Each structure stands twice: as C-alpha cells, then as structure tokens.
Amino acid sequence: MSTKSFREATIAIRGGRALDSHASSILFPLYQTGNFVHDAVGVDKGYSYSRVSNPTVDALEGSLAALEGTPSAVSFRTGMAAITTLCFSLLRSGDHAILSDVIYGGTMRLFREVLNPLGIHGDFIDTSNTVNIEASIRPETRLILIETPGNPTLKITDIQAISRIARRHSILLAVDNTFLTPILQRPFELGADISILSTTKYIDGHNATVGGSLATHDEQLTERLRLIRKTLGTIQAPFEAWLTLQGIKTLPMRLRLHCAGALRIAKWLEIHPAVKYVFYPGLPSFPQQALAAQQQRGGGGIVAFELKGGAEAARQTLNRLQLCSRAESLGGVETLVTHPSTTTHADLDPDLRQALGISDGLIRISVGLEDPEDLIADLGQAIAATGSHLRARKDKL
Ligand SMILES: *Cc1c(COP(=O)(O)O)cnc(C)c1O
C-alpha cells in the first residue's frame, strides 16, 4: 500500500518505514556496527561500511523522505554537517551564494571561517525584501539559502517569490526549514529545490540527539550529496538515527501542541505590562502576519519578546526561571529559554545585532509541551520579580 495518499499523522508513523526482514520487530533494528561482511568477493547485501551507508540510517532517510514528499533524503551527523556538505557539493572557488541575514549562526561561521578563505563568497542580506535578492545576484551566484522564519525575531521570507527569481536566473534555492519542519511549511510546494533540517530540533523533538537532513527532488543532486557525505564523513550515526526514527512518529501531534502553547503564551505576554513587544507569527499584531498565514500552517513553537527593562530585566528574568530551562537549542518537549544577545548571537557585531532587531532585552522561548498554564506561572513569577526589583531600585534613587 502506497503511503503517498496517507495524511500526515499516518505518514509520520508509517511513511517510508523500512521493515525488519530478519525478525519482524515492530521497530526497525539498530544496526550498531561499523562494517558489514561480504558474502564473497564483490558480493554483499548492499552495505559495506557505516561511513557510506547503514541500514538504520537508511530507515531514517526513508521516514524523512516520506515527510518531505521527496524520493529520498540524506541524513547527517548534525544540521551543520548537512549544510557543510551541501555547500561543498554545490560550490567551488569563485562561486557566490546569497543567504538570509538572520541565517543560523553556524552557517554564517561556515562562510566566514571555512568557505570565504577558499574563495567561496556569501552575501548575508535581508531576504524578507525580495528586491534585495535581485540586486545581489551576480553571474557567479550558484545558491540562495534562506531561513524562514528567521531566528530569533521570526522575520519571514517569501519562499515562492524568491523561488521565481532563483528559477529565472537558474540558481538553486535551499530553505532551512528547521523551525517549522515539513509539517508546518512545505518548501517544495513553494518552489524550493532543497530542504534543510536540523533534526536536532523538532524532528527528534526530545533533546536526545543532534542530526541533520537534506532533501531534494533532483536525484542527481542526491547522488552528489551522498558522494560528498562519504568523502567528508558527515553521515548520521546509527544510534542517533534510531532515536530520531522514534521521535518522528509524534511530530505532527507535537507540533500542534507546540503551536497552541506558543500562541497562548504569546497572547499572555502581549498584554503583560513589563513586556515591550512580542514576536510571534500567529499573533494578529505580527507585521508579516498575512505572509505567515499564507506560507505556514501554524505559528510554530518559538516566541520572542522584549522586556521594557532591557538587558538587566532579561538577565534577572532568565535567572529566576524555575520550570523553564535556561538553554540554547529549541524544538524539544522541554521548554528552553535563551537570551540571544549574550548566547546564540553574542558573536555578532552589536550594531548588526541591533539592525536585526535583536535587542539586549530580547528573550526567546522554545515552547515545550509542559502545560502552558504552568509555563505562564513560571514566566509570570520571573518577570514580576524583575519588575518589583526595578521599582525598588527606582524608589531608592
Ligand atoms: C540548530 C540549527 C542548525 C544547526 O543544526 P545542528 O544540528 O545544531 O548542527 C541549522 N539551522 C537552524 C535553523 C538551526 O536551528
């Protein structure tokens, strides 16, 4: 029975799943092995060495491909291993790439530290304004890499509008879809050529692994990605693949709850007197709400907000949290709260940080699956304590 016609909850649990031909276990087995025996010289069962391929990693790729709606997917040890392999597969010295200014910090570092010195140049621009794309295209531009919504302000880039420009200039368009996954955003239906996922986040969903994935309808490109993955040694490990396979089963259900919890918290923050501004694509006040509603199937699980009290209030709030964890990363069942200006975006020039809307009072929440009312109670006590602290100080002055 083809899984193509199934709906997303069924696809997540059954889609592209490999069957265990050995003992018919309900879960696909973990092939925790580095290598495979050849039956005779030149005769094997399709596997030889786990840097090249591994049955459990193949099983994960089948499941990811079913989610993406592509013929296959290629799985990597981390999201950065996926992005690195993509860049080395497509770009050579003299080539140029256009990237979102709000792209993942690791991607920016990859260009700065590794690719630029090799003669591969990247321009980081505000891709939410499509005019900027046309203006940045050069004869040697090979790749446009966008991330939407952007981190941490959730700025949205119009995938369809950019795919039209990319197509006109025969440039490949890759979308880092880590924040929404194929459940909430369908890059290929909007004209993208390549989908990138850090499976570390929502795909695994349990803060148990790090991993990455690339998918495309172009089977020649898929072969190239596999060749460069084998060369760089960036393939996913069997145990992480096995864990990720379990996480994927609940992805659609988890995302529904992440979205509902994030919207509840965003609405609560929006009317809180200590809060200056809330960034959440599901709020009517979000500047790009119309584009978000058209391009995404939900607001996602990330909420950012700015405290009126600035950096000090943000620091105090984070330090007083009792239920929410102060941690980088996102997309898991545990709620994680970060202060972007001193953690994820600390490397950036302060002026650039300001230009990107990342103020020192900005806090990012990856809303987990704890009860939203418990999360609100924790955020409430942490923010309230900060407010009284500031008032007390003002009284003394
Ligand atoms: C985390 C993340 C990455 C990098 O993934 P790792 O698994 O940490 O290497 C890339 N893009 C986005 C949007 C991310 O959030």
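Preceding block: the structure.
Residues numbered from 1 in each chain as written. Predicted model: local features only at pLDDT ≥ 70, side-chain atom pairs only at ≥ 80, totals over all residues. Heavy atoms only, no water.

**Observations regarding the overall build of the chain**
Item 1. From N to C terminus, the chain includes 14 helices and twelve strands.
Item 2. The C-alpha atoms of the chain give a radius of gyration of 22 Å, which matches the 21 Å a tight globule of 397 residues would have.
Item 3. Once the C-alpha set of the chain is aligned to its principal axes, its extents read approximately 85 × 50 × 35 Å.
Item 4. Evaluated residue by residue, the chain yields a buried proportion of 54% over its 397 residues.
Item 5. Considering only intrachain contacts with a sequence separation of at least 6, the fraction spanning at least 24 residues in the chain is 72%.
Item 6. Accessible surface, the chain as shown: approximately 17300 Å² in total, 54% of it carbon and sulfur.
Item 7. The centroid of the 39 positive side-chain charges in the chain is displaced by 2 Å from the centroid of its 39 negative side-chain charges. (Helix = DSSP H or I, 4+ residues; strand = E, 2+ residues; numbered from the N terminus. Rg over C-alpha atoms; globule rule 2.2 N^0.38 Å. Buried < 20%, exposed > 50% of the residue type's maximum accessible area, 1.4 Å probe, protein only. Contact = heavy atoms within 4.5 Å. Areas by Shrake-Rupley, 256 points an atom, 1.4 Å probe, with all protein chains shown as cover. Lys, Arg positive; Asp, Glu negative; His and termini not counted. Charge placed at Lys NZ, Arg CZ, Asp CG, Glu CD.)

**Some points on the pairing of strand S5 (residues 172-176)**
Item 1. In terms of burial, S5 is largely enclosed, as four of its five residues are buried.
Item 2. The pairing of strand S4 (residues 141-147) with S5 spans five bridges and is classified as parallel. Its bridge partner being in S5, Ile146 is matched across the sheet by Val175.
Item 3. Crossover S4 to S5 through helix H6 (residues 159-168) is right-handed.
Item 4. Across three bridges, the pairing between S5 and strand S6 (residues 194-198) is parallel. Across the sheet, residue Val175 finds its bridge partner in S6, namely Ser195. (Pairing = 2+ DSSP bridges. Right-handed = clockwise from strand over helix to strand, strands pointing away.)

**Points about the environment of Gly106**
Item 1. Relative to the helices and strands, Gly106 is located in helix H4 (residues 105-115).
Item 2. The class for Gly106 is buried, based on a relative accessible area of 8%.
Item 3. Between the C-alpha atoms of Gly106 and Thr222, which are 116 residues apart in sequence, the distance is 23 Å.

**Notes on the site of the ligand**
Item 1. Lining the immediate environment of the ligand, one finds 13 residues, of which Gly79, Met80, Asp176, Thr200 and Lys201 sit closest.
Item 2. Within the side chain of Ser198, a nitrogen or oxygen atom sits 2.9 Å from an oxygen atom of the ligand.
Item 3. Looking at the shell around the ligand residue by residue, the classes come out as four nonpolar, six polar and three charged. (Near = heavy atom within 4 Å. Polar contact = N/O pair within 3.5 Å; in protein donor to acceptor, adjacent residues only side chain to side chain. Nonpolar A, V, L, I, M, F, W, Y, C, P; charged D, E, K, R; others polar.)

**Let's talk about the environment of Leu348**
Item 1. Mapping Leu348 onto the fold places it in the loop between strand S11 (336-338) and helix H13 (350-355).
Item 2. Along the chain, Leu348 and Met108 lie 240 residues apart, while their C-alpha atoms are 10.0 Å from each other.

**So, the pattern of salt bridges**
Item 1. Using the criterion set out here, one finds 17 salt bridges in the structure.
Item 2. Residue Glu61 is joined to Arg229 by a salt bridge in which the shortest nitrogen-to-oxygen separation is 2.7 Å. One end of the pair, Glu61, is in helix H2 (residues 55-68); the other, Arg229, is in helix H8 (residues 219-232), with 168 residues separating them in the sequence.
Item 3. Relative accessible area serves as the criterion here: at 5%, Glu61 is assigned to the buried category.
Item 4. Taken together, the shared-partner salt bridges connect Glu61, Arg226 and Arg229 into one network. (Salt bridge = Lys/Arg side-chain N within 4 Å of Asp/Glu carboxyl O.)

**Topic: the sheet that holds S5**
Item 1. Spatial strand order, S1-S7-S6-S5-S4-S2-S3: seven strands in an open sheet with mixed pairing. Strands at the two margins of the open sheet, each flanked by one partner only, are strand S1 (73-76) and strand S3 (121-125). Between one strand and the next, the sheet's axes are offset by a mean angle of 20 degrees, whatever the strand orientation.
Item 2. With five bridges connecting them, strand S2 (residues 96-100) and S3 associate as parallel partners. Bridge assignment links His96 to a residue of S3, and that residue is His121.
Item 3. The sheet contacts of H6 involve S4 and S5, and relative to S5 the element is tilted by about 155 degrees.
Item 4. H8 contacts S1, S6 and strand S7 (212-216) of the sheet and is inclined by roughly 20 degrees relative to S1. (Axes fitted to C-alpha atoms, helices over the stretch in contact; angles between N-to-C directions.)

**Remarks on the packing of helix H3 (residues 79-90) against H8**
Relative placement of two packed helices is described by the angle separating their axes and the distance separating the axes.
Item 1. Direction vectors running N to C along H3 and H8 enclose 115 degrees, while the axes themselves pass 9 Å from each other. By the angle between their axes, H3 is roughly perpendicular relative to H8. Once H3 is placed against H8, the crossing between them reads as right-handed. On H8, the residues touching Thr85, Leu86, Phe88, Ser89 and Leu90 of H3 are Leu221, Arg224, Leu225, Ile228, Arg229 and Leu232. (Parallel < 35°, antiparallel > 145°, perpendicular 65-115°, else oblique. Left-handed = near helix turned anticlockwise from the far one by under 90°.)

**Re the side chain of Asp204**
Item 1. Secondary-structure assignment places Asp204 in the loop between S6 and S7.
Item 2. Buried and unpaired, Asp204 has Arg254 as its nearest opposite-charge partner, separated by 6.3 Å.
Item 3. With sequence-adjacent residues up to four places away left out, Asp204 is seen in contact with Thr199, Thr209, Thr244, Gly247 and Arg254.

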